[in-house]
Every structure is written in structure tokens, then in C-alpha cells.
Amino acid sequence: MGENRHIGILGTLVTVIILILLIILTNVDTSKMSYFESLSSKITIPVQTVFTKLKNKITGNSNFFTTQDELKKENENLAKMNSELQENLREYEVLKAENEILKEKMNLTDKYYQYQTISADVINKDISNYGSNLVLNVGTDDGIKKGMTVIADQGLVGYIVSTTNNTSKVKVITDSASTVSCNISTTDESVICKGTLNNNQELRVTYIPMNADLIVGDSVETSGVGGVYVRGIHIGTITEIITTTNITDRYAIVETAVDFSKLKTVLVIKNN
């Protein structure tokens with residue numbers, strides 16, 4: 001404000017000087033007027049131009065700094081809002097995941113209502129070609145015992161092989177040491193499904209009766225024979241049938257219904 005006032009004073013002085021020059025020029029001989037007009041213009045116009053530019057520059061800088069402060073404050077507000085939105089998004093994702101897990105557990109319980117079950121979360125996985133095990137967040141304190149069948153929404157997972165007070169270990173059906181007595185949808189005969197070393201989503205069907213007519217796409221489920229698994233739990237679907245020169249040596253490949261790499265929630269069946 002002080003600088004603007006000084007500029008105004010200087011402008012006033014220049015104006016007074018110009019008026020005085022004009023008064024003097026009016027008393028000068030008209031024949032010499034053009035010369036004095038030219039001289040006056042050469043003196044006053046540059047002076048006025050300099051002060052005008054100076055005033056504009058000062059005024060512009062003031063506005064520039066004011067705008068910069070406003071932008072800085074606005075950026076700080078936007079950064080704060082963005083941080084709050086990010087935090088709300090993280091909270092939403094957590095609640096969404098928890099809701100999906102609860103929904104899956106409810107669906108599982110409804111689907112297998114005929115069994116007494118205990119809901120559990122998978123807290124650790126060891127799925128490989130050499131061994132396939134899961135660790136659940138339930139144990140003996142929750143009523144879990146060795147030998148209980150473990151299922152998921154899509155079908156059979158495995159059975160409990162060991163427990164602690166708060167955890168339990170599951171041997172899954174794709175483990176190379178695992179065998180399951182099964183029935184195929186197109187035959188009443190029992191076959192054996194065994195884990196393989198080649199793929200942790202495949203089982204090998206062996207001991208196929210000679211008169212059994214297998215078809216790609218057949219559904220495979222537990223037979224209940226052997227006392228390990230309850231009857232009627234879906235295991236998977238036949239994707240390939242391999243014939244040999246000796247019909248007794250033929251076998252089939254079953255793709256498991258459960259995707260063990262994505263497994264999060266299971267049910268443990270109590271009333272085997």
C-alpha cells in the first residue's frame with residue numbers, strides 16, 4: 001500500500017510538471033510550437049511509461065504472491081482431503097473383505113446344514129508338489145479332533161491330521177500321500193482318487209472296474225467307504241481318460257472343484 005501511495009505522488013508531480021510545460025508552451029510563438037510539442041512528448045511520454053510499468057509490475061507482484069499463498073493453502077487442504085479419502089478407502093476394503101468372509105461362512109453353513117460343522121479360516125498354506133497342508137485357526141478348544149472332514153463351498157478339502165488348542169492341520173486331497181474312496185456319477189462302483197506330483201489341482205483315478213463306462217465331464221464325489229470322509233461330498237470332474245493296452249491299468253484325471261490357491265474359509269464336519 002505504501003509503494004502504491006508513493007507511485008501516486010510521483011504520478012501527481014509528473015502531471016503538474018506536464019501542466020506547467022503546457023502553460024509555458026501556450027505562450028510560445030506558434031511557429032515554434034511543433035518543436036516544443038515534440039520536445040514535450042519526448043520528455044513526458046517516456047516518464048509516464050516508466051511509472052506506468054513500475055506501478056503495474058508492483059501491483060502484479062502483489063497479486064502473484066497473494067495467488068501463491070492461496071494455491072499453497074488450497075494444496076494443503078487437498079492433500080489433507082486425499083489422506084482422509086485414502087484412509088476411508090482402506091477401512092472400506094477391510095470391512096468389505098470381512099463382510100465377504102462372513103457371507104461365505106453363512107453360505108457354507110446353509111449349504112451343508114445336514115452336518116454339524118465348525119467354521120474356520122485358513123491362516124497358513126503349504127501347497128506344493130511334495131506336500132499339501134493347511135493350517136486353520138481352530139483347535140481342540142473349539143471341538144476339533146483328528147480325522148474330521150474339511151470342506152469348502154466347492155467341495156472336499158481334506159481331513160484333520162493334527163491339532164493344538166487353537167489351531168489344526170489339514171492334509172488336503174491333492175497331497176501325493178492322500179487317497180480318497182470315490183464314486184463316479186455314471187457308475188455305482190467305487191474308485192480311488194489319489195494326489196499327484198504333477199499338479200496340485202489334479203487327482204488320479206485308479207482301480208477303475210473293467211465294466212465301468214467313464215465319460216469326460218463325469219462328477220466325482222466321496223463314497224464314504226474307509227471311514228475317513230463322509231459320503232456325498234463333491235470332489236471334482238473328470239477331464240481326461242487314459243487307456244492302456246491292459247484295461248485294468250487305465251486311469252483318469254480329475255480336476256478338483258476346490259481352488260486351493262484361493263482357499264480362505266472352510267467348514268470342519270464334526271459328525272463324521
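Quick notes on the rules
Residues numbered from 1 in each chain as written. Predicted model: local features only at pLDDT ≥ 70, side-chain atom pairs only at ≥ 80, totals over all residues. Heavy atoms only, no water. Helix = DSSP H or I, 4+ residues; strand = E, 2+ residues; numbered from the N terminus. Buried < 20%, exposed > 50% of the residue type's maximum accessible area, 1.4 Å probe, protein only. Contact = heavy atoms within 4.5 Å. Pairing = 2+ DSSP bridges. Axes fitted to C-alpha atoms, helices over the stretch in contact; angles between N-to-C directions. Salt bridge = Lys/Arg side-chain N within 4 Å of Asp/Glu carboxyl O. Core = buried A, V, L, I, M, F, W, Y, C linked by side-chain atoms within 4.5 Å. Phe/Tyr/Trp six-rings, centres within 6.5 Å; stacked < 30°, edge-to-face > 60°. Lys NZ or Arg CZ within 6 Å of the ring centre and 35° of its normal. Disulfide = S-S within 2.5 Å.

## Concerning the overall build of the protein
Point 1. Each helix and strand in the protein was counted, giving two helices and twelve strands.
Point 2. In sequence order, the secondary structure elements of the protein are arranged as α-α-β-β-β-β-β-β-β-β-β-β-β-β.
Point 3. Out of the 272 residues belonging to the protein, those deemed buried represent 30%.
Point 4. At a minimum sequence separation of 6, the contacts of the protein that also span at least 24 residues come to 57%.

## Considering the sheet that holds strand 8 (residues 202-206)
Point 1. A barrel is described by the order of its strands in space; here six strands give the closed sequence 6-7-8-11-10-9, paired in antiparallel fashion. Strand-to-strand twist in this sheet, taken as the mean axis angle between neighbours without regard to direction, amounts to 40 degrees.
Point 2. Pairing analysis gives three bridges linking strand 9 (residues 219-222) to strand 10 (residues 234-242), with the strands arranged antiparallel. Bridge pairing in strand 10 links Glu221 to His234.

## Quick notes on the environment of Gln154
Point 1. Inspection of the secondary structure puts Gln154 in the loop between strand 3 (149-151) and strand 4 (156-163).
Point 2. Residue classification places Gln154 among the partly exposed residues on the basis of a relative accessible area of 39%.
Point 3. Contacts of Gln154, omitting those with residues within four sequence positions, involve His234, Ala257 and Val258.

## Overview of the pattern of salt bridges
Point 1. Per the stated rule, a full pass over the model turns up one salt bridge.
Point 2. Salt-bridge contacts for Lys171 lead to Asp175; the nearest nitrogen and oxygen are separated by 3.7 Å. Of the two residues examined, Lys171 and Asp175, each falls in the buried class.

## Details of unusual backbone geometry
Point 1. You will see that Tyr207, though not glycine, has its phi angle at about 55 degrees, which is positive.
Point 2. Looking at the secondary structure, you find Tyr207 in the loop between strand 8 and strand 9.
Point 3. Judged by its relative accessible area of 67%, Tyr207 is exposed.

## Observations concerning the nonpolar core
Point 1. Ranked by size, the top nonpolar core spans 43 residues in total, and within it Leu136, Val157 and Leu263 carry the most contacts.
Point 2. Looking at which element gives the most residues to this core, the answer is strand 12 (residues 265-269), with four residues.
Point 3. Not counting residues up to four positions away in its chain, the partners in contact with Leu263 are Val122, Lys125, Leu134, Ala152, Val157 and Val258.

## Some remarks on the packing of aromatic side chains
Point 1. Scanning the entire structure with this criterion turns up one aromatic pair.
Point 2. Positioned above the aromatic ring of Tyr251 is the side chain of Arg204, whose terminal nitrogen or guanidinium carbon lies 3.7 Å from the ring centre.

## Comments concerning the state of the cysteines
Point 1. One pass over the full model with this rule turns up zero disulfides.
Point 2. Its sulfur unpaired, Cys182 is 3.2 Å from the next cysteine sulfur, which belongs to Cys193.
Point 3. Taking relative accessible area as the criterion, Cys182 reaches 0% and is therefore assigned buried.
Point 4. Judged by relative accessible area, which is 1%, Cys193 ranks as buried.

## Topic: the pairing of strand 11 (residues 251-256)
Point 1. By the criterion of burial, strand 11 is predominantly enclosed, with five of the six residues buried.
Point 2. Direction of pairing for strand 8 relative to strand 11: antiparallel, over a ladder of four bridges. Among the inter-strand pairings, Glu202 is bridged to a residue of strand 11, identified as Glu255.
Point 3. Looking at chain direction, strand 10 and strand 11 are connected through six bridges and run antiparallel. Looking at strand 11, one finds that Ile242 is bridged to Tyr251.

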